[in-house]
Structures are given as C-alpha cells and as structure tokens.
Amino acid sequence: MDSPVPVVQPLSEFTLEGRLSLRTADEAVSGGLRWTRQKASDQIAVTTPMGGAVAEILRVGERIEVVDHTGRRSVTESGLRGLDQMLGFKLPLDYLPWWLAGTGREGESSRREYDREGRLAHLEQDGWQIDFQRYQRVADRFLPGKLVARRGVDMELRLVVDQWTLP
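Residues numbered from 1 in each chain as written. Predicted model: local features only at pLDDT ≥ 70, side-chain atom pairs only at ≥ 80, totals over all residues. Heavy atoms only, no water.

1. Notes on the packing of aromatic side chains
For step 1, the next point in the chain: One pass over the structure, following the stated rule, counts five aromatic pairs.
For step 2, the next point in the chain: The interplanar angle of 70 degrees and the centroid separation of 5.1 Å between the aromatic rings of Phe 14 and Trp 35 together place this pair among those described as edge-to-face. Residue Phe 14 is found in strand β1 (residues 13–24), and its partner Trp 35 is found in strand β2 (residues 28–38); the two are separated by 21 residues along the sequence.
For step 3, the next point in the chain: Overall, the relative accessible area of 2% leaves Trp 35 in the buried class.
For step 4, the next point in the chain: Geometrically, the ring pair formed by Phe 132 and Tyr 135 is stacked, given 6.2 Å between the ring centres and 20 degrees between the ring planes. Each member of the pair Phe 132 and Tyr 135 is classed as buried.
For step 5, the next point in the chain: A network of ring pairs unites the aromatic residues Phe 14, Trp 35 and Trp 164 as a single cluster.
For step 6, the next point in the chain: The ring of Tyr 95 has Arg 105 sitting right over it, with the charged end atom 5.2 Å from the ring centre. (Phe/Tyr/Trp six-rings, centres within 6.5 Å; stacked < 30°, edge-to-face > 60°. Helix = DSSP H or I, 4+ residues; strand = E, 2+ residues; numbered from the N terminus. Buried < 20%, exposed > 50% of the residue type's maximum accessible area, 1.4 Å probe, protein only. Lys NZ or Arg CZ within 6 Å of the ring centre and 35° of its normal.)

Here's what the structure looks like:
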C-alpha cells in the first residue's frame, strides 16, 4: 500500500543503546551499539557481544574519525564519502536518522508500505530495502525498535534498539 504520510523529521538529537549486526560481502560484525547524536555530531561505539571495543566513529561536520579495536585512528575531512572509502562499503549514516524516526529520507523517491497502525513497515529508497519489524513507545511517539536494512545481496544491517534517550 503506497500512501502519503505527514513529513516526519529525522532525529537530530538522541542516544540509543542496542545491538547491531552488519554483514558485507567481505566481513560480518555483530555486537553492542551506543550512538549519541547531537545536531552536527555523532559518536558511535560498536562493541563485541562481551563488551570489548570493535570500533568508534566520531563525526563533527565533515570531519570523521574512526578508531578500530587496535586503537588505530583514521581521519577524513570528506564526510560520509570519506567514511565509505575508509570502511570499504557504504554505511547508511545519512539515512539512519530518518529510518530511526520511522520514515524515509525527505526529498528522495521511495516506495512505502504501512502496518495496521499506520506506521512504516517497509521502505525502498536509494537501493535500500528496510523492514521495520518492531516499534516501541518513546515519550509521545513510536520509534523503531528493530529494523533490517538490505542493499543488494551483499549488504545487510540489523539494528535492535534496547533503549532510547531523547532530549
């Protein structure tokens, strides 16, 4: 069912704690996730299931720093394009704040399907297919508690949010 919905803005400030699984053609990572976004900055920490460091991504404007599990730092001043080059795959950081708000990125074509409560259940946008598998009540709104995003056959991101903190 395709139908228009009111524009929902991306989440510009939040902290989420949860779990993620990322599979690409060359590697797979799973573990804990803590993401704090404050307007133009992000701090994303990925840990092993036992709590050890996997990687940390720090973004302020176009400057992105990645620290891997060995403590090695990589820096780019080219924004998300530079991050994609460092990682070797396209991480959908420009889309995730929209998806985490339960909507697609504004101004781009998409195909949308909704559940019985009128919440986004499936989204196709920019080569990504996103299934919103669970929502949870956070303050006065419902936000995704679990989503699975796929791009082609060799990229899958699963994200489960255990706790939201909104300003």
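Next comes the rest of the write-up.
2. Details of the nonpolar core
For step 1, the next point in the chain: One finds Trp 99, Leu 100 and Trp 164 to be the most contacted residues of the largest nonpolar core, which totals 38 residues.
For step 2, the next point in the chain: Trp 99 has contacts with Pro 92, Leu 123, Gln 125, Trp 128, Ile 130, Phe 132, Pro 144, Leu 147 and Ala 149, leaving out every residue within four places of it along the chain. (Core = buried A, V, L, I, M, F, W, Y, C linked by side-chain atoms within 4.5 Å. Contact = heavy atoms within 4.5 Å.)

3. Observations regarding the environment of Ile 130
For step 1, the next point in the chain: Topologically, Ile 130 is positioned in strand β9 (residues 128–138).
For step 2, the next point in the chain: Along the chain, Ile 130 and Pro 92 lie 38 residues apart, while their C-alpha atoms are 11 Å from each other.
For step 3, the next point in the chain: Setting aside anything within four residues of it in sequence, one finds Ile 130 in contact with Trp 99, Ala 121, His 122, Leu 123, Leu 147, Val 148 and Ala 149.

4. A few points about unusual backbone geometry
Excluding glycine, most residues fall at negative phi; most peptide bonds, likewise, are trans.
For step 1, the next point in the chain: Phi is positive for Asp 126, which is not a glycine, with a value near 50 degrees.
For step 2, the next point in the chain: Structurally, Asp 126 can be placed in the loop between β8 (120–125) and β9.
For step 3, the next point in the chain: Of note in the backbone geometry, Ala 139 takes a positive phi value of approximately 55 degrees without being a glycine.
For step 4, the next point in the chain: Mapped onto the fold, Ala 139 is located in the loop between β9 and β10 (141–151).
For step 5, the next point in the chain: Judged by relative accessible area, which is 64%, Ala 139 ranks as exposed.

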